[in-house]
Amino acid sequence: MSAQELISTTKAMVAEGKGLLAMDESTPTCNKRFEKMGITQTEETRRSYRELIVTTPGLGEFISGVILYDETIRQSSTDGTPFVKVITGAGIIPGIKVDTSAKDMAGHPGERITEGLDGLGARLAEYSQMGARFAKWRAVIAIADGIPSRGCIEANAHSLARYAALCQEASLVPIVEPEVLMDGEHSLERCFEVTAEVLRTVFSQLCTQRVALEGMILKPNMVLPGLTCPKQETVDKVADATVRCLLRAVPAAVPGIAFLSGGQSGELASARLNAMNVRFKSQRPWALAFSFARAIQQPALEIWQGDEANVPAAQQALYHRARCNRAARRGEYNAAMERI
Ligand code: 13P
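Residues numbered from 1 in each chain as written. Predicted model: local features only at pLDDT ≥ 70, side-chain atom pairs only at ≥ 80, totals over all residues. Heavy atoms only, no water.

This part covers the packing of helix α11 (residues 294-304) against helix α12 (residues 311-330). Axis separation between α11 and α12 bottoms out at 8 Å; the angle between their running directions is 165°. One element, α11, and the other, α12, form an angle in the roughly antiparallel class. Our pair here, α11 against α12, has a crossing hand that is right-handed. Contacts between α11 and α12 involve A295, I296, Q297, P299, A300, I303 and W304 on the former and, on the latter, V311, A313, A314, A317, L318, R321 and N325. Of the residues belonging to the contact of α11 with α12, the class tally is 11 nonpolar, two polar and one charged. (Axes fitted to C-alpha atoms, helices over the stretch in contact; angles between N-to-C directions. Helix = DSSP H or I, 4+ residues; strand = E, 2+ residues; numbered from the N terminus. Parallel < 35°, antiparallel > 145°, perpendicular 65-115°, else oblique. Left-handed = near helix turned anticlockwise from the far one by under 90°. Contact = heavy atoms within 4.5 Å. Nonpolar A, V, L, I, M, F, W, Y, C, P; charged D, E, K, R; others polar.)

Written out as structure tokens, the structure reads:
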């Protein structure tokens, strides 16, 4: 793929009215979500669930790309068609999570560093050969007393930048995901400060590692008060804080920003994304899109419950959330859409 192709894939990932669907839960995370719903945790149930997602009729109207996990990219639908083929057949771009998860960071109690750089070049070549056109790497930054530390922010930013450079060399578009977690009592203002510092460090490292900003997607958290902060904020206040923070830290050369949902409900994630697109319609240089996992999948998972008979209703719920998020991208979402 030439640099031009890398850029056109990036643009297609944040094409008008579309966003990404993250279905790249690692096996332990997927099992944890299944366990909560009383669903058996086997390779076959994980495969069936992912088949439900990728065969949802009409998904390609709203979803530009799906992020897969190593187990999933190797799986096929019941009729034997490889998932990658099902996905591309639906007009959707396949992508792959390539980090090997966040581990406790030496010398930094309460903080984590994402691993996966060893042998990454060879893994990227294999995924590209399997049909992946983009990749994802997630770093996690926790807020609490005395953290995050500079050590944790710098180490994670450096790894994200090394990963992104390797992706571009392998002709895969890197999704760069530095997630400031929602857990904690911190205020919206503290989340703003930390997110701005993390993003500035990430972009400094991306430049040092010679990553072409035109050929990447940023996947950040929204700027929110901590989950247990007594002062929760309105949708508009969250939208304003988030976009103001991004305007200060994210270069205009980046084509698109696709938010993670981080544990927000589907409705709130859509409402907040919508408010950003309404309030900053003509004041932002990048597309503001979504790359949600839970905020798109959760209702479908709850309906499915591991039962084949529930597949059509679960697919309808998935389609509905994807449609709501297209509206949010366009600034056309409202609560009435949830009652249809
Ligand atoms: P959530 O939208 O559930 O936060 O997941 C997005 C994701 O890809 C996490 O890495």
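Further remarks concern the environment of M337. Relative to the helices and strands, M337 resides in the segment after α12. Sequence separation between M337 and Q209 is 128 residues, and the spatial gap between their C-alpha atoms is 44 Å. Residue contacts for M337: discarding those within four places in its chain leaves H320, R323, C324, A327 and E332.

The biggest cluster of nonpolar side chains holds 111 residues, and the ones touching the most others in it are I63, Y163 and L206. Looking at this core element by element, the count peaks at 10 residues for helix α8 (residues 188-208). Residues contacting Y163, with those up to four places away along its chain left out, are V98, L117, L120, A135, K136, W137, P174, I175 and V176. (Core = buried A, V, L, I, M, F, W, Y, C linked by side-chain atoms within 4.5 Å. Buried < 20%, exposed > 50% of the residue type's maximum accessible area, 1.4 Å probe, protein only.)

In the region of the ligand, 13 residues are neighbours, and K136, K219, S261, G262 and R294 sit closest. Between the ligand and the protein, one listed contact pairs an oxygen atom with a side-chain N or O atom of K219 at 2.7 Å. G262 is positioned such that a nitrogen or oxygen atom in its backbone is 2.6 Å from an oxygen atom of the ligand. Against a free-state accessible area of 300 Å², the protein chains account for coverage of 93% of the ligand. (Near = heavy atom within 4 Å. Polar contact = N/O pair within 3.5 Å; in protein donor to acceptor, adjacent residues only side chain to side chain. Areas by Shrake-Rupley, 256 points an atom, 1.4 Å probe, with all protein chains shown as cover.)

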